[in-house]
Amino acid sequence: MCVLGLKNLYQPRIDVLPEYSPPLNFTMGPDSPQWQFPTLAVKLCGMELSADLTRVLLIIPVFLFSLCFHEFAHGLVAWSLGDPSAKLAGRLTLRPMAHADVLGTLVLPTLCVFSGLPFVGWAKPVPVDVRYFKRPRLG
């Protein structure tokens, strides 16, 4: 069974509490030294995964959906303006494989994960031919 949960959700640390604690106000919170930050623990079939692997497993679906939706939106706007190029090329879809670019969707994000660089990538651009636009000044 797979379990996703938070540990130590804003529990006070006993070892750093002073003798006198002022009343709670807006200055005390998660960034106060008296509070611990929550840590994400994922148990996958009895094994606890590391925080980095957990972060990657949570980022990948968001990354793929963002790329697909972004390129789909380009194609949809072009199609609404009269250009059938994206639809004829099969790119007017949310399927990730239709938009996947080997270097920008697979290789570079993998290198970023393993090297600690910021997570970046791209998808294949949707073909747009402005000569098909019904009203070119609008597009």
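Worth saying up front: this structure is predicted, and the values here are computed from it rather than measured. (Residues numbered from 1 in each chain as written. Predicted model: local features only at pLDDT ≥ 70, side-chain atom pairs only at ≥ 80, totals over all residues. Heavy atoms only, no water.)

1. Thoughts on the overall build of the chain
Consideration 1: Looking only at helices and strands, the chain has four helices and three strands in total.
Consideration 2: Listed by position from the N terminus, the elements making up the chain come as β-β-β-α-α-α-α.
Consideration 3: Put simply, the chain has 139 residues, and 24% of those count as buried.
Consideration 4: Sequence separation of at least 24 residues holds for 60% of the intrachain contacts in the chain that already meet a minimum separation of 6.
Consideration 5: Total accessible area computed for the chain in this model is approximately 10300 Å², and 68% of it derives from carbon and sulfur atoms. (Helix = DSSP H or I, 4+ residues; strand = E, 2+ residues; numbered from the N terminus. Buried < 20%, exposed > 50% of the residue type's maximum accessible area, 1.4 Å probe, protein only. Contact = heavy atoms within 4.5 Å. Areas by Shrake-Rupley, 256 points an atom, 1.4 Å probe, with all protein chains shown as cover.)

2. Quick word on the packing of aromatic side chains
Consideration 1: On inspection of all chains with the given rule, the structure shows two aromatic pairs.
Consideration 2: Judged by centre distance (4.9 Å) and plane angle (85°), the ring pair of Phe 63 and Phe 119 falls under edge-to-face. Of this pair, Phe 63 sits in helix 1 (residues 51-80) while Phe 119 sits in the segment after helix 4 (102-115), placing them 56 residues apart in sequence.
Consideration 3: Judged by its relative accessible area of 13%, Phe 63 is buried.
Consideration 4: Taking 5.8 Å as the distance between ring centres and 20° as the angle between the ring planes, the aromatic pair formed by Phe 65 and Phe 69 counts as stacked. (Phe/Tyr/Trp six-rings, centres within 6.5 Å; stacked < 30°, edge-to-face > 60°.)

3. Here's the deal with a nonpolar patch on the surface
Consideration 1: Together, Val 102, Leu 103, Leu 106, Val 107, Leu 111 and Trp 122 line one region of the surface with nonpolar side chains, adding up to about 580 Å² of accessible area.
Consideration 2: Note on placement: Leu 111 falls in helix 4. (Patch = residues over 30% accessible without salt bridge, like charges linked within 9 Å, V, L, I, M, F, W, Y side chains within 5 Å. Salt bridge = Lys/Arg side-chain N within 4 Å of Asp/Glu carboxyl O.)

4. Comments concerning the pattern of salt bridges
Consideration 1: Overall, the coordinates contain one salt bridge when judged by the stated rule.
Consideration 2: Asp 129 is the partner of Arg 131 in a salt bridge, and the nearest nitrogen-oxygen pair spans 2.9 Å.

5. Description of the confidence of the model for the chain
Consideration 1: The predicted model of the chain has a mean per-residue pLDDT of 76, with 63% of residues at 70 or higher.
Consideration 2: Averaged pLDDT values over the elements of the chain bottom out at 49 in strand 1 (residues 3-7) and peak at 94 in helix 2 (residues 85-88).
Consideration 3: Note that residues 1-6 has pLDDT below 50 and, in this model, 17 contacts with residues that lie over four places away or in other chains.
Consideration 4: Segment residues 35-40: pLDDT under 50, and 28 contacts once partners within four positions in sequence are set aside and those in other chains are kept. (pLDDT = per-residue confidence, 0-100.)

6. Description of the side chain of Ser 85
Consideration 1: Inspection of the secondary structure assignment puts Ser 85 in helix 2.
Consideration 2: Excluding residues that lie within four positions of it along the chain, Ser 85 makes contacts with Pro 127, Asp 129 and Tyr 132.

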